[in-house]
Structures are given as C-alpha cells and as structure tokens.
Amino acid sequence: QVQLVESGGGLVQAGGALRLSCAISGLMINGYTLAWFRQAPGQGREFVTAIKSGGGSTYYADSVKGRFTISRDRTKNTLYLQMNSLVPEDTAVYSCAAGRAITSTLRSQSAYAWWGQGIQVTVSS
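This structure is a prediction, so every number in the text was calculated from the model and none was measured.

Before going further, it helps to spend a moment on the state of the cysteines. In the structure shown here, the tally under the stated rule is 1 disulfide. Covalently, Cys22 is tied to Cys96 through a disulfide, its sulfur atoms 2.1 Å apart. Disulfide Cys22 to Cys96: torsion about the S-S bond roughly 65°, handedness right-handed. Of this pair, Cys22 sits in strand S3 (residues 18-25) while Cys96 sits in strand S9 (residues 92-99), and the two are 74 residues apart along the sequence.

The phi dihedral of Asn77 is positive, around 50°, even though this residue is not glycine. As for its position among the elements, Asn77 is in the loop between strand S7 (68-73) and strand S8 (78-83). Assessed through its relative accessible area of 10%, Asn77 is described here as buried. Of note, Ser85 is a non-glycine position whose phi angle comes to about 50°, a positive value.

Parameters and conventions
- Every residue gets a number counted from 1 within its own chain, in the order that chain's sequence is written.
- Per-residue local features are limited, in this predicted model, to residues with pLDDT of at least 70; the limit for side-chain atom pairs, both in listing and counting, is 80 or more; totals at the level of whole chains, interfaces and linings are taken over all residues.
- Side-chain figures throughout are based on the complete set of non-hydrogen atoms in the structure, without hydrogens or water.
- Put simply, a disulfide is two cysteine sulfurs that come within 2.5 Å.
- Where helices and strands are cited, they refer to DSSP runs of H or I of at least four residues and of E of at least two residues respectively, numbered from the N terminus.
- Here's how the labels work: a residue is buried when its accessible area is under 20% of the maximum for its type, exposed when over 50%, partly exposed in between, all with a 1.4 Å probe on protein chains only.

Below you can see the structure in the form of structure tokens.
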C-alpha cells in the first residue's frame with residue numbers, strides 16, 4: 001500500500017521560509033516522478049514543481065521559480081519542498097504526489113496515481 005504523508009506546514013510571515021516534507025512508503029521514489037501541487041481557497045489545484053524519476057530533472061511553475069526548490073532523499077524515501085521568500089499568494093493547501101509522469105504530462109494532476117492528504121501553508125502579510 002502506497003502512502004504519502006506531508007509535514008512541515010504552518011503559519012509564516014511574508015518573506016519567511018518553510019520546508020515541507022513528504023514521507024513516502026510502498027514504493028521506491030527513484031522510479032517515479034514526484035511533484036508538489038497546491039490549492040488556494042476558492043481555486044483549483046495547481047502545479048508547483050516536479051522532479052523526474054531517474055536523473056532528477058526539476059520543473060517549476062513560473063510563480064515559484066527562483067524561490068522554491070524541490071529535492072528528494074532516496075535513503076529516506078522522502079520528498080522535500082524548500083520555500084523561501086514566501087508571499088501571501090503562496091497561501092494554500094500543499095499536496096505531494098507520485099506517479100509515472102513524463103515531461104509532457106508532469107504538470108497535470110492526472111499523471112499522478114498517489115497523493116498525500118495535503119498540508120496547510122499560510123503566509124501572513
């Protein structure tokens with residue numbers, strides 16, 4: 001049984017930083033594309049960033065490029081999202097996901113078979 005469990009969310013002031021973790025069990029992360037999505041209040045879920053299986057190429061939404069960094073630790077089977085220079089517009093529920101996405105599909109929710117329950121990140125102004 002595959003499980004993804006996020007941690008590290010919370011409340012932070014604008015300009016601050018948070019690091020999200022996603023502990024994954026039931027699959028070896030090196031063989032899957034891993035991603036973070038977020039959903040702000042009243043909006044649909046949107047792609048934030050992804051790291052491809054194998055070589056680990058990374059992809060970012062324009063809104064977070066240069067501020068967020070995705071990484072993975074194969075020894076811990078864990079995915080991370082380092083978020084710096086946070087702004088109120090980053091407030092959302094953040095979810096990690098795993099699947100066999102390829103470059104042309106990794107920004108799409110449908111490319112991911114497994115999801116975490118989501119964790120709240122709130123950035124105050």
